[in-house]
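# A closer look at the structure
Read off the chains here:
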Amino acid sequence: MGHDTMMAVPSAGVILDADVTVPADARGIVLFAHGSGSSRLSPRNRMVAGRLNGVGLATVLTDLLTADEERRDAAGGRLRFDIGLLADRLTGVVDWIGAQTVLTRLPLGLFGASTGAAAALLTAADRPRQVRAVVSRGGRPDLAGPRLTEVTAPVLLIVGELDATVLDLNRAAHHDLGGESALWIVPGATHLFEEPGTLDQVAGAAAQWFDRHLADFDLTLNGYLPDGDGA
């Protein structure tokens, strides 16, 4: 499998498009779950993926809806908020990764944005042996409901300081998660982290979390992560 390969991934009865990037000597792999109305082409998630590639982590960016479903869902948006459906498909991609000779040897993490974070947490609950770490960016972990207590993988919740409603939901979820977790609040950031430098902080914190839990090498990332709430 070469660097930056587009692949067709069978999952939960459909075929999903995925962009797979495997750096030389990769020490871990991160599967991205995009939020509602977004796709694997999201510039924010691709920026984070590039940062992870740069520190030796492979990435899989996949659409959890087919192109036809995206077109049909554009008006109503029901499928993109069907967390159970999205989680089933994400879990299918996790199983596909486990069947790939080049990828299965790499410890796996999940990066979820917005509603994709809830799907990532449900998948972590369903595949506790495979999923070693989770990062949520501006996520809705509350949509995982009571199953938050079943998530044993270490979870980092990243939220913008000015994203007030989502921040409250993440504070509550932080206490409900069943394993190790941390809440990192990015100063001056809104929901999409469009303010200068804020997305770079997201990428740095995600790289540090995955490095800590997936890889066995040390990175200097300016100490983004506090022990508890960031400010």
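Residues numbered from 1 in each chain as written. Predicted model: local features only at pLDDT ≥ 70, side-chain atom pairs only at ≥ 80, totals over all residues. Heavy atoms only, no water.

### Side note on the environment of A118
Structurally, the position occupied by A118 is in helix α4 (residues 115-126). Residue A118 is classed as buried on the basis of its relative accessible area of 0%. The spacing of A118 and L148 is 30 residues in sequence and 9.1 Å in space, taken between C-alpha atoms. Those residues in contact with A118 that sit more than four places away from it in its chain are I83, R140, L143 and A144. (Helix = DSSP H or I, 4+ residues; strand = E, 2+ residues; numbered from the N terminus. Buried < 20%, exposed > 50% of the residue type's maximum accessible area, 1.4 Å probe, protein only. Contact = heavy atoms within 4.5 Å.)

### Some words on helix α6 (residues 198-214)
Counting along an α-helix, one turn takes 3.6 residues, and residues three or four places apart therefore face a common direction. Under the 1.5 Å per step criterion, the end-to-end length of α6 is 24 Å for 17 residues, consistent within 8% with the ideal 24 Å. Counting buried positions along α6 yields 14 of 17 residues, so the element is predominantly enclosed. (Expected span 1.5 Å × (residues − 1).)

### Examining the environment of R105
Checked against the element boundaries, R105 lands in the loop between α3 (83-98) and β5 (108-113). Between the alpha carbons of R105 and A26 there is a distance of 9.9 Å; along the sequence they are 79 residues apart.

### Let's talk about the environment of A26
By the element assignment, A26 lies in the loop between β2 (14-21) and β3 (28-33). In the structure, A26 is positioned 81 residues away from P107 in sequence and 10.0 Å away in space, judged by C-alpha atoms.

### Describing α4
The terminal C-alpha atoms of α4 lie 17 Å apart, and with 12 residues this matches the ideal 16 Å at 1.5 Å per residue to within 8%. With 11 of its 12 residues buried, α4 lies for the most part within the structure. Of all the residues in α4, the buried ones are T115, G116, A117, A118, A119, A120, L121, L122, T123, A124 and A125. The inward-facing, buried residues of α4 contact β3, α3, β5, β6 (131-137) and β7 (155-160).

### Some words on the pattern of salt bridges
Taken as a whole and judged by the stated rule, the model has six salt bridges. When the shortest N-O distance is used, the salt bridge between R147 and D126 registers 2.8 Å. Residue R147 is found in the loop between β6 and β7, and its partner D126 is found in helix α4; the two are separated by 21 residues along the sequence. With its nearest N and O atoms 2.9 Å apart, the salt bridge here joins E150 to R147. Residue classification places R147 among the partly exposed residues on the basis of a relative accessible area of 25%. (Salt bridge = Lys/Arg side-chain N within 4 Å of Asp/Glu carboxyl O.)

Don't take any of this as a statement about function, it's just geometry.
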